[in-house]
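An overview of the molecular structure
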Amino acid sequence: MKYVTFGTAALAAAGLTIALAPASTAPDPDTCLVGYVWREARPTDRVCVTPKVRDRTALENRLKYMNWIPGAYGPHTCVKGMVWREAFAGDDVCVNQKSRNEALRDNAEAADRRVTAKLWITTYRLGPQDNGDGTATTTSTDDIERLKLNGSHYNVGQVRLFIYYNTGKLFWSGTVKAAQNGAYPGGSWGMQTGKFDCSAPGKPANAYARAQDVTSGRWSPKVAVRVGCAVY
């Protein structure tokens, strides 16, 4: 049997349609936290700033030719009272001192304004349960460490949590609300899973944890973990 390949033009002429692969919908790695946008002092400038700063930056770019004069620093010497913005290396758009200071500050805080979806794992123990009558109850597993998932640099709001076996089978899932915390930028959270930490010398990880920022759709990196051990 012979197989014939038709080009897209030929198929279109014949009245046939082709299902094209959808474009990737993964969030951009430079996705800003809610309330921030890309500054775009140049097309590749993805420092996250307030919308007000972005609008001002665009205006500064449009007016740059009016603020350049020939002088000690070449044809792009600033008129008196203005300085180079320096939002990036080689940025010689002339602005006032306040605007340049703000550009430098925005650069310094850039990493804290992105949805980087950081994830790390700690452990905890249950300890005795207070019965409310002056007594406490313990079980044989209270001293066994359990897994706690933690995250920072998320949008304030819902975060989905997952632990998958390396085979792809779901082991555990949950949701948590990220909230503002002065210790971390953006929204941060911590979630006790109730699942035992099965890590031990000579026992490689058999699973991984991930978290998803629901607002942006951005995923955290995978964090290796060992789960599913028998505990008595």
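Procedures and definitions
Residues numbered from 1 in each chain as written. Predicted model: local features only at pLDDT ≥ 70, side-chain atom pairs only at ≥ 80, totals over all residues. Heavy atoms only, no water. Core = buried A, V, L, I, M, F, W, Y, C linked by side-chain atoms within 4.5 Å. Buried < 20%, exposed > 50% of the residue type's maximum accessible area, 1.4 Å probe, protein only. Helix = DSSP H or I, 4+ residues; strand = E, 2+ residues; numbered from the N terminus. Expected span 1.5 Å × (residues − 1). Arc of directions from axis to C-beta. Contact = heavy atoms within 4.5 Å. Disulfide = S-S within 2.5 Å.

Turning our eyes to something else, we now look at the nonpolar core. With 17 residues, the main nonpolar core has Y154, V159, L161, I163 and W189 as its most contacted residues. Among the elements of the structure, β10 (146-154), β11 (157-165), β12 (170-181) and β14 (207-213) are those that each provide at least two residues to this core.

Note: α-helices contain 3.6 residues per turn, so residues at a spacing of three or four share the same orientation. Over its 12 residues, helix α2 (residues 51-62) extends 17 Å from the first C-alpha to the last, a length consistent with the 16 Å expected when each residue adds 1.5 Å. Among all positions of α2, only V53, T57, E60 and N61 are buried. Viewed end-on, α2 has its buried residues packed into an arc of 100°, placing them on one side of the element. Opposite the buried face of α2, by more than 90 degrees, sit the exposed residues K52, D55 and R62. Looking at the buried residues of α2, the elements they touch are β2 (48-49), β6 (94-95) and α3 (97-108).

Phi angles above zero are rare outside glycine, and E86 is one such case at about 60°. Relative to the assigned elements, E86 resides in the loop between β5 (83-84) and β6.

For the coordinates displayed, the defined rule picks out three disulfides. Residue pairing for C32: its cysteine sulfur links by disulfide to C48, the two sulfurs lying 2.1 Å apart. When the S-S torsion is -90°, as for the bridge of C32 with C48, the disulfide is left-handed. Here C32 is found in the loop between α1 (8-13) and β1 (37-38), whereas its partner C48 is found in strand β2, with 16 residues between them in sequence. For C48, a relative accessible area of 0% gives the class buried. Each sulfur in the disulfide pair C78 and C94 lies 2.1 Å from the other. Taking the torsion about the S-S bond as the criterion, the C78 to C94 disulfide, at about -90°, is left-handed. Taken together, the positions of C78 in strand β4 (residues 74-78) and C94 in strand β6 put the pair 16 residues apart, joining distant regions of the chain.

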